[in-house]
Structures are given as C-alpha cells and as structure tokens.
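Okay, here's what each chain looks like letter by letter:
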Amino acid sequence: MVFKAIMNGLIKAKAMPQISATERQALEAGTVWIDGQVFSGKPDFAKMFAEPYAKLNQRERDFIDGPVHELCAMVDAHQLAKTRIIPKEAVDFMAAKGFYSFLIPQAYGGLEFSVNAISTIMAMLTSYSPFLSTLIVIPNSLGAAELIKHYGTQDQKNHYLPRLASGEYLPCFGLTEPTAGSDAASILARGVLFKNAEGKLQIKLNFRKRYITLAPIANLISIAFKLQDPDNLLGKGTDAGITVALVHRGTPGLEMGKHHQPIGDSFHNGPLVGKDVVVDADEIIGGLEYAGQGWRMLMEQLAGGRAVSLPAGGVGGARAAAVAAGAYARVRQQFGMPIAEMEGIQEKLAELASMAYLSEASRIYACSALDNNQQPPVVSAVWKAYLTELAREQAKNAMDVMAGAGVMQGPNNIIGRGYCSSPVAITVEGANIMTRSLITFGQGAVRCHPYAFEIANALEANDLQSFTKNLKGWIGHMVANTGRLIGLTLTRGHTASVPNVSGVKPYLRKLAWASSRYAFLTDMALITVGGKLKARQQLTGHFADALGWQLLAISTVRRYVAEGELKEDLPLVQYALEYSLEKIQKAFEAIYANFGNNPVGFLLRTVGYFSLRVNPLVGATRDRLVPACAKTITKSGPQFARIAGDLVMPSIDLKSLDDDEVLANTKGVARLMAAFMAVQEAEVVENKIKVARRNKQLEKASVQELAEKALAKGIITAADKVILDRANRIALEAIMVDEFTAEEFYNNDSIHTTPYFPSAQIANVKHGEETPVVEKLRVVA
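Keep in mind that what you see is a predicted model, and the values were worked out from it rather than measured.

What counts, and at which threshold
Residues numbered from 1 in each chain as written. Predicted model: local features only at pLDDT ≥ 70, side-chain atom pairs only at ≥ 80, totals over all residues. Heavy atoms only, no water. Helix = DSSP H or I, 4+ residues; strand = E, 2+ residues; numbered from the N terminus. Rg over C-alpha atoms; globule rule 2.2 N^0.38 Å. Buried < 20%, exposed > 50% of the residue type's maximum accessible area, 1.4 Å probe, protein only. Contact = heavy atoms within 4.5 Å. Axes fitted to C-alpha atoms, helices over the stretch in contact; angles between N-to-C directions. Parallel < 35°, antiparallel > 145°, perpendicular 65-115°, else oblique. Left-handed = near helix turned anticlockwise from the far one by under 90°. Nonpolar A, V, L, I, M, F, W, Y, C, P; charged D, E, K, R; others polar. Phe/Tyr/Trp six-rings, centres within 6.5 Å; stacked < 30°, edge-to-face > 60°. Salt bridge = Lys/Arg side-chain N within 4 Å of Asp/Glu carboxyl O. Expected span 1.5 Å × (residues − 1). Bend = angle between axes of the 7 residues up to and from the residue. Polar contact = N/O pair within 3.5 Å; in protein donor to acceptor, adjacent residues only side chain to side chain. Disulfide = S-S within 2.5 Å. Pairing = 2+ DSSP bridges. pLDDT = per-residue confidence, 0-100.

Participant: Just give me the short version of the overall build of the protein, but keep the residues and values in it.
Facilitator: Secondary structure summary: the protein contains 32 helices and nine strands in total. Computed over its C-alpha atoms, the radius of gyration of the protein comes to 29 Å, within 12% of the 28 Å expected for a compact globule of 781 residues. Counting only C-alpha atoms, the protein reaches 95 × 75 × 45 Å along its principal axes. Scored against the burial criterion, the 781 residues of the protein give a buried share of 56%. Taking the contacts inside the protein whose residues are at least 6 apart along the sequence as the reference set, 77% of them involve residues at least 24 apart.

Next comes the structure, spelled out in structure tokens:
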C-alpha cells in the first residue's frame, strides 16, 4: 500500500521527467557504456581499461599511407579554399579509389572500413582541408548509404549501394529547416501519400531545407518529412510520422543548386526546396514497412554516429594546432631566444599538447566502443560537443602563439583557416549549446541512471510491481552511494579501490570520488527537481560539464594504459587529468550554487558549497607540468610523432632547400616543418658557439653574428657553418607572412565557377536504369 501511494503521488505530481514519443525513441536508441559507470557512483576502472582498444588493420593502414596522402598531394588546400574548385583528377581519384564507400559492405563494392579507420581518415582530411573533407565525410556518415545499409530493402541495397560506393551517386541529407534546427523533430516538411491513376502508391512532397552540405552538387537526396496518409492506405493512421525517402536530382518540383557560404574554409552547402515533388512510395528507405520510422532510424544511427565525423574533425584540428604552434614556437625567436623557452608561451603549448593527447585518446576509445558494437548516445553527444569545443579553444591558443603569422592570410598561414572554420562543427548535428544543456544530462540522467528509466517506464505504465522493485533498488543505491561519498570525501578519495596505473593512481581515486558525488547529485536532482529538469538548463548544463570531463579523463587514462604507460607521456596525462578535474570541480561548484530553492538546494549552497571549496578535487598544481608538456611539441621525435598522429605531414629534404627557388616554392606546413627540422639540426653548432662565448673565446653577440669568427678560430667547421646558415635562412623564411600585389589582392574571378562534378548534372535515375555518362563539365554557378 505504501508503494502504491508513493507511485500515485509521483504520477499526480509529474515528479519524474516526462518522456514524449520522440524522446522515448531517442532514449531507447543505442546502449549505455562508460557513462553508466559514472552515473553508478562506483566506476570499475579495471573493467573499462580491459575493453578492446582499436588499431588499424593493414588494409586500412595501406589506404591511409597511400590513397589518402596521394589525394592530399593532388589538392592545394589554400587554393581550394580560395577558388572552391577541386581539380578534376582529384574528383575522379576519389571515385576510383573508393573514398565514398568507407562504410559500405565489400559485397556491394565498398571498402567497409572500421569506425576507427573512418574516423582517422576524417581527422586527417579535415585538418588538411575542410572543403575536401566534406566531400568524403558526408557520403560516409548519416545519410543514404548508412540508412540503406541498415534499413533498406534488398532492392534498394542492390541498386543504391554499388552506385554510392562508386561515386555515381553523390548524396546529401535534407533534415534542417528554417524553423527546425536542433529541434529536428519539429520539421514542417510534409509528404502526402496517394494512389496515382495506375493505382501505384506515391508521395507528394513539399519542403524547404537549409544548411544542407553537398546539396548544390548532390544527385541523391535523403529527405526527412512527416508522412500524411489521409486515406489510411498503410493502416498506420492518417499521420504516419517522420519518414525518410530518396529524391533524385532532376525530379520535377525539386529546386537545388544554390549555395550558402559557410564561414572560414567554405564548402558546398545550400538549400533544398521541394514544391509538389512526386516520388514513388518504394523510395521510402526500408520500404512501406519503415514509413513513419524515420525518427527512430535517425536516433539509432546518431546514437554512435555523433561520436565519429565531427569529433574526428575536432581532434584533427586540435592535433594540427598543437603541431603548428609547437614548431613555430621553436623556430620563432624574440629577445635572443626561441619563444618556446618563454613561460607565457609554454603555458599555451602545454595545454595544446595535453589536449591533443586527450582528444586523440577520446577519439580512439569511442571508436573502439563503436567497433565493439556499442552505440552510446550520451557519450556520442559529449564527444560531439566537447571535442569540437576543445578544438576551437586550442585553435585560439595556437593563434595566440603564432600571433601575426596566424592573422595574415595566405598559403603560408597554416592555422587561420581552421580557426575561422571552427564554429561550423560547433553548430551542426545539434548546436553545442543545446547538446550540452538538453541532451547530455537530459538523456543521461534518465537513460544512464541505474533505476530512473525503469521507474519512469513503470510510472507511465502504472506498473506497481516494476515500480516497487526499482524504487527499492534506487533507495539501496542512494544509501550505499551516500555512505561511499562520505568516506571518499573524508579521505580525499583514498578509500577508493582503483587499478595501480603508474603515476596515475591518485587521479583515478579523485575520479572515483567525483563519480560518487556526481551520482549523489543526480539522485538529488531527480528527486527534488524531477519533471522540471528540462526547464533548468543552466543546472543541466553544469551536470553535462561534470559528466563530460569525467568521460574525457577516463579516456585519457585508457590511452595511457593501452600504449604501455609510456613514461615520457606521463606529464601530458597528468596535465590532462588535472585540467579535467579542475573543470569537474568548477562544474560541481556551479551545481551547488544553482541547485534550486528547496531544502536540498539550501544545504548545497551553504554547507555543501563551503565544504566543496575547502576540500576540492584538485589544487592549482598544474604549473609544474608546463615545461615538460611544452617540450613534447617543440622537439621532433617519437613523442612529437605520436601527438601529430596521422596528420598530413610533408617529406622534406633540407639540402634541397639550399636552392633559393626550391625554398621560395616551399609553402605552408612544409616550410614550417623544414625550419623546425633545420633549427634542431643547428642546435649542436649553436651550442659550440655559446660554449666558446661563455669561455671568453668569443665576445658577447648573437650566435649568427659570431658564426664567421667561430669558423675562423676553428670553433666550428665549414660543414657546421653550412648547417647554421641553412637553419637561419629557412627559419627567416618560415616566419615571413604572405604578400600580395594589388592585382592579386583584388582578383575575385575564381568565384564565378564551380568544379567538375558529374553529380551536379545527373538526371533522375530510377531502379533498374543506368546512370548516364557525363562528359567533362565546367558548370556556371
């Protein structure tokens, strides 16, 4: 009787967050992964660190080392950003080598790579050229190929997948509308089902989409719309729900070809408008069986997919920022020393290096889970929001280090385009603001909590037996976790049982402590705020921050363990963990300060907040790690290579740069990395001169000024002098910025044409028809 009364009272008060039909589909999509460990309050780190950790197989490695690098060599990233024209040979190469087919099964002509390989390639290409990467990311992420692979009829698979793999079809996905952005379920696009004169089922579509990447050049569109069936021909009611159907370029009533102009490194993006567009009902992905199942399909694929393309781009950007800033700081001198030796610069470099390590760790850990059949929507949302935001922050840090060299545009500015483009990833696939304040904790508190989702289901179904069982479990969980939190707080985490990971065990204890506190606060929020959580977005945003940084910290340790606990990486790991714990601490402080006007909120704002500040998770101790972390990206070697990862790096012959013409034609990353190598090669020579100067063999002056006298006195050899002169010459060239004549500055002729893309001219192609052959095209925009 007691539990019956409690259940009735909760139902009447709407105490648990209310779950709509679309929210339920999102909550039921995918799986709970390490996020569930954090919500439990008692994370099993040993279990997490024993999970598979992805590595590329030989076929994937060969593709990356071969065709991916070959493609980048065909495309001048600066020229592409300026003209938006990709060379025909590159377009043909992408199709011939299968760049559109990474996720398509080999049985249908695809490459069928692992998620880790797809993510690795996306990180490489996005850091090299966002324009180029969109041509590859879109066909290999949420859209026609992925949806048909998972839900398509056999006829659809047989027809579309081989043509998508070969590049005959270039797809785009039409979801976003002027009135439906992050709230994608509110789309106004409509499709009306009817029978034509021959009795065949067809759909009349009307829609206005925007921000659709590849829309101006695509020839196969996956359109999301709300299907109306006024005659109930499908037996699903008059409003079947959100549906996804395929529409071909050239279909009467379809308007496409116009461009938006994205900020930064622009790419093909534009609107789609449909006016009474008629398609056969068998173009619904999955056939009539999947009419009205579009939202579920999208949520199921985004459950894991959000962790792939955009996070990969963010990780690639963060690594590129770290490598560029580190190399530049070693080459650039001020006040008689490389700026890499200045403490203010080292602070930025340390954060760049450690966040590059953390970002790559998170990327691989998530891809490992996806390749191991996990589909964690909450973790995917965290990765999308926090890794893209982290990339933007690191782009800012790199700009601070490179200063004028990052501000002045041109082929030799290797950080500016990424910095300007960073807001794009922040915005798409759910704006980060909404992802942080609505999805991460909004879904996580219900889906990942040990009992909340089952209790919500029991309340909705008025299931007393299930409610009683799960409420008892929740009460037991709260009692046990509260006792654990008290013990961990009194001992500053020392009572936590954690694996003995070299140099990291104290941090794992702090993370166990943070998890216990997080679980306690989640319980308090569900009990005291309950159904009003959706409206308390400041509070849920702070909960998201605490969760996100716990997950990123765990990922950092997972990489460290997987790579054999390399001693030289320990400063990066410790810096990343202290950085994360500081973020978690600030999030907890914000939760305590903004919990609400209730007794629990009062206690948290007063006694709890004071205790939290007096007994914090981490102190201000990170400065001791700064020099060691900064050095990891200012000195070449295996560690520098691990941080750079699979970035597109040039092959450089320093001796060839003794030729003035060769040096003058060496641009961008190649020029900077040449200088980076040259100044390190010259260090031995410089040290000889410095020792002689210290021993009074040479007067006080700069190394460059003393070189001739050092040679004359036999302090250095002629070969040493060549090395030193080469380093000075290349370093001076590397810090120069681009200069343009008036004619070059005002030349805008290139914007009037678009590149060769057969898909932009391919007409409507139905099942069983051959795709028409298109000759060389150069289309007026």
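So much for the structure itself; the text now carries on.
Participant: I'd love a proper account of the packing of helix α15 (residues 377-402) against helix α17 (residues 416-427), names of residues and values included.
Facilitator: For the pair α15 and α17, interaxial distance at closest approach is 9 Å and the crossing angle is 160 degrees. If you check the angle between α15 and α17, you find them roughly antiparallel. Between α15 and α17 the crossing geometry is left-handed. Listed contacts from α17 to Lys384, Thr388, Glu389, Arg392, Ala395, Lys396 and Met399 of α15 are Gly416, Tyr419, Ser422, Ala425, Ile426 and Thr427. In terms of residue class, the contact of α15 with α17 is made up of five nonpolar, four polar and four charged.

Participant: Would you mind going over the packing of aromatic side chains in detail, with residue names and values included?
Facilitator: Scanning the model with the defined rule gives 19 aromatic pairs in all. Ring geometry for Phe45 against Phe49: centres 6.0 Å apart, planes inclined by 25 degrees, an arrangement best described as stacked. With Phe45 and Phe49 both in helix α4 (residues 45-49), this residue pair falls four residues apart, about one helical turn. Taking relative accessible area as the criterion, Phe45 reaches 2% and is therefore assigned buried.

Participant: Tell me what's going on with the pattern of salt bridges, and back it up with residues and numbers.
Facilitator: Tallying each qualifying case throughout the model produces 30 salt bridges. With a closest N to O distance of 3.2 Å, Asp400 and Lys348 form a salt bridge. One end of the pair, Asp400, is in helix α15; the other, Lys348, is in helix α14 (residues 343-371), with 52 residues separating them in the sequence. Among the residues examined, Asp400 registers a relative accessible area of 48% and is labelled partly exposed. Three or more residues are tied together by salt bridges with common partners; here these are Arg61, Asp65 and Asp646.

Participant: Tell me about helix α5 (residues 58-74), and name the residues and values.
Facilitator: Spanning 17 residues, α5 covers 24 Å between terminal C-alpha atoms, matching the ideal 24 Å at 1.5 Å per step. Of all the bends in α5, the greatest, near 30 degrees, is centred on Ile64, and the proline Pro67 appears no more than four residues after it. Looking only at α5, the buried set comprises Glu60, Phe63, Ile64, Gly66, Pro67, Val68, Leu71 and Cys72. Taken together, the buried residues of α5 touch α7 (88-97), α8 (115-128) and α9 (130-137). N-capping of α5 is provided by Asn57, with a side-chain oxygen placed 3.1 Å from the backbone N of Arg59.

Participant: Requested: an account of the state of the cysteines, with residues and values cited.
Facilitator: Scanning the entire structure with this criterion turns up zero disulfides. Of the cysteine sulfurs around Cys367, a residue in no disulfide, the closest is that of Cys72, at 19 Å. Residue classification places Cys367 among the buried residues on the basis of a relative accessible area of 0%.

Participant: Could you give an account of the packing of α14 against α15, naming the residues involved and the relevant values?
Facilitator: Interhelical geometry of α14 versus α15 gives an angle of 155 degrees and a closest axis separation of 10 Å. As judged from the angle between their axes, α14 and α15 are roughly antiparallel. Crossing angle aside, the handedness with which α14 passes α15 is left-handed. Residues Ile345, Lys348, Leu349, Glu351, Leu352, Met355, Leu358, Ser359, Ser362, Arg363 and Ala366 of α14 lie in contact with α15, whose contacting residues are Trp383, Leu387, Leu390, Gln394, Asn397, Ala398, Asp400 and Val401. Across the contact of α14 with α15, the residue classes tally to eleven nonpolar, four polar and four charged.

Participant: Which residues make up the pairing of strand β3 (residues 201-213), and what values go with them?
Facilitator: Relative to β3, strand β2 (residues 190-195) runs antiparallel, the two sharing six bridges. Within β3, the residue paired with Gly191 across the bridge is Leu205. Here β2 folds back onto β3 in antiparallel fashion, the turn holding five residues, of which Gly199 has a positive phi close to 85 degrees. Judged from the nine bridges that link them, β3 and strand β7 (residues 269-280) form a sheet pairing that is antiparallel.

Participant: I'd like a description of the side chain of Ser309, backed by residues and values.
Facilitator: Note on placement: Ser309 falls in helix α13 (residues 309-331). For Ser309, a relative accessible area of 8% corresponds to the buried category. Not counting chain neighbours up to four residues away, the residues in contact with Ser309 comprise Met122, Val137, Ser141 and Glu429.

Participant: Can you tell me about the confidence of the model for the protein, naming the residues and giving the values?
Facilitator: Scored by pLDDT, the protein comes out at a mean of 91, with 96% of its residues at no less than 70. Throughout residues 771-781 the model reports pLDDT below 50, and contacts reaching past four residues in sequence, or to other chains, amount to 25 contacts.

Participant: Report on the environment of Leu603, specifying residues and quantitative values.
Facilitator: The topology assignment puts Leu603 in helix α24 (residues 599-614). Sequence separation between Leu603 and Ser354 is 249 residues, and the spatial gap between their C-alpha atoms is 37 Å.

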